[in-house]
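Listed here are the chains, written in short residue letters.
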Amino acid sequence: ECSKTACWVVIHLYQDSELGCNLVDEALLQLAPKFKHVKFLKIRSTMAVENWPASRLPAVFLYNEGELQHQLIGITELGGKTMKAANMEWYLFTKGIVETDLEEDPVRTYVDAKITKHHVFQSRGTGLGSDDELDSD
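Cut-offs and rules
- Residues numbered from 1 in each chain as written.
- Predicted model: local features only at pLDDT ≥ 70, side-chain atom pairs only at ≥ 80, totals over all residues.
- Heavy atoms only, no water.
- Core = buried A, V, L, I, M, F, W, Y, C linked by side-chain atoms within 4.5 Å.
- Buried < 20%, exposed > 50% of the residue type's maximum accessible area, 1.4 Å probe, protein only.
- Helix = DSSP H or I, 4+ residues; strand = E, 2+ residues; numbered from the N terminus.
- Contact = heavy atoms within 4.5 Å.
- Pairing = 2+ DSSP bridges.
- Axes fitted to C-alpha atoms, helices over the stretch in contact; angles between N-to-C directions.
- pLDDT = per-residue confidence, 0-100.
- Phe/Tyr/Trp six-rings, centres within 6.5 Å; stacked < 30°, edge-to-face > 60°.
- Lys NZ or Arg CZ within 6 Å of the ring centre and 35° of its normal.
- Right-handed = clockwise from strand over helix to strand, strands pointing away.
- Parallel < 35°, antiparallel > 145°, perpendicular 65-115°, else oblique.
- Nonpolar A, V, L, I, M, F, W, Y, C, P; charged D, E, K, R; others polar.

Visitor: Mind showing me how you'd approach the nonpolar core here?
Guide: Generally speaking, a soluble globular protein has its nonpolar side chains buried in company with each other. Within the largest apolar cluster, 22 residues are counted, with the highest numbers of intra-cluster contacts made by Val10, Val38, Phe40, Leu62, Met83, Met88 and Leu92. Among the elements of the structure, strand E1 (8-14), helix H1 (19-31), strand E2 (38-44), strand E3 (59-64) and helix H3 (85-94) are those that each provide at least two residues to this core. The greatest single-element share of this core, amounting to five residues, is contributed by H1. In this structure, Met88 is in contact with Val24, Ala27, Leu28, Leu31, Val60, Leu78 and Met83, ignoring residues within four places of it in sequence. Membership of the second largest hydrophobic core comes to nine residues, among which are Val9, Cys21, Trp52 and Phe61.

Laid out in structure tokens, this is it:
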């Protein structure tokens with residue numbers, strides 16, 4: 001009923017045994033009190049859709065005015081196994097569902113930090129660089 005009005009509805013299809021589902025569930029539990037204008041629901045996937053494949057979990061469907069507006073299958077876009085509530089908050093912000101105090105995408109920040117760390121580690125290596133010359137001795 002709420003989805004038929006201007007209210008956003010976030011539906012999480014889940015199974016208890018799926019790590020990604022547990023991460024999404026934890027994130028939504030943290031976001032629900034913060035965004036009271038959004039209705040957050042979770043439904044066991046096989047209760048919502050018979051034979052829903054575990055490979056398509058977690059699944060998040062975003063409804064507004066009775067229509068499916070967006071869907072998210074899996075958590076790769078949210079940072080994978082490092083996903084936090086801030087990642088979901090940013091995703092909802094990019095879809096125009098919530099306002100946020102976050103200044104940048106937490107997934108992008110994490111990826112940039114990993115790349116920088118990897119680059120620093122690689123630059124400290126002891127192998128030959130492209131400008132190094134081999135002795136002819």
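Visitor: Whenever I open this one, the sheet that holds E3 confuses me. Can you help?
Guide: Two pairing modes exist for strands in a sheet, parallel and antiparallel, and in both the strands are linked by backbone hydrogen bonds. As summarised here, the arrangement of the four strands in space is E2-E1-E3-E4, forming an open sheet in which the pairing is mixed. The open sheet has two edge strands, E2 and strand E4 (67-73), and neither has a second partner. Averaged over all neighbouring strand pairs, the angle between strand axes comes to 20°, with direction disregarded. Relative to E4, E3 runs antiparallel, the two being bridged by six bridges. In the strand pairing of E4, Ala59 is matched with Ile73. Here H1 sits on the sheet in contact with E1, E2 and E3, set at roughly 150° to E1.

Visitor: It is not clear to me how the confidence of the model for the protein chain should be interpreted in this structure. Could you clarify?
Guide: Residues shown with low pLDDT carry predicted positions that ought not to be read at fine detail. Of the residues in the protein chain, 75% have a pLDDT of 70 or more, and the chain-wide mean is 83. Long-range and interchain partners of residues 127-137, a stretch whose pLDDT sits below 50, account for two contacts in this model, where long-range means more than four residues apart.

Visitor: Could you clarify how one ought to interpret the packing of aromatic side chains in this entry?
Guide: Aromatic ring pairs are described here by two measures, namely the spacing of the ring centres and the angle between the planes. What the rule picks out here adds up to two aromatic pairs. Geometrically, the ring pair formed by Trp52 and Phe61 is edge-to-face, given 6.1 Å between the ring centres and 80° between the ring planes. Take Trp52 and Phe61: they sit in the same class, and that class is buried. Between Trp90 and Phe93 the ring centres are 5.1 Å apart and the planes differ by 50°, which places this aromatic pair in the tilted class. Of this pair, Trp90 and Phe93 are both found in helix H3, three residues apart, which corresponds to roughly one turn of the helix. A relative accessible area of 31% places Phe93 in the partly exposed class. Lying across the ring of Tyr14, Lys42 places its NZ or CZ 4.6 Å from the centre.

Visitor: Just to check I follow, could you spell out the pairing of E2 for this structure?
Guide: As a general feature of sheets, a regular strand has side chains that alternate between the two faces. Note: E1 against E2, seven bridges, orientation parallel. Its bridge partner lying in E2, His12 is registered against Lys42. Once the chain exits E1 it traverses H1 before rejoining the sheet at E2, and the crossover so formed is right-handed.

Visitor: Would you mind going over the packing of H1 against H3 with me for this structure?
Guide: Each pair of packed helices gets described by two things: the angle between the helix axes and the distance between those axes. One way to put it is that H1 packs onto H3 with a least axis distance of 8 Å and a crossing angle of 70°. Classified by the interaxial angle, the pair formed by H1 and H3 is roughly perpendicular. For the pair formed by H1 and H3, the contact residues are Val24, Ala27, Leu28, Gln30 and Leu31 on the first element and Ala85, Met88, Glu89 and Leu92 on the second. Here the residues of the contact of H1 with H3 are counted per class, giving seven nonpolar, one polar and one charged.

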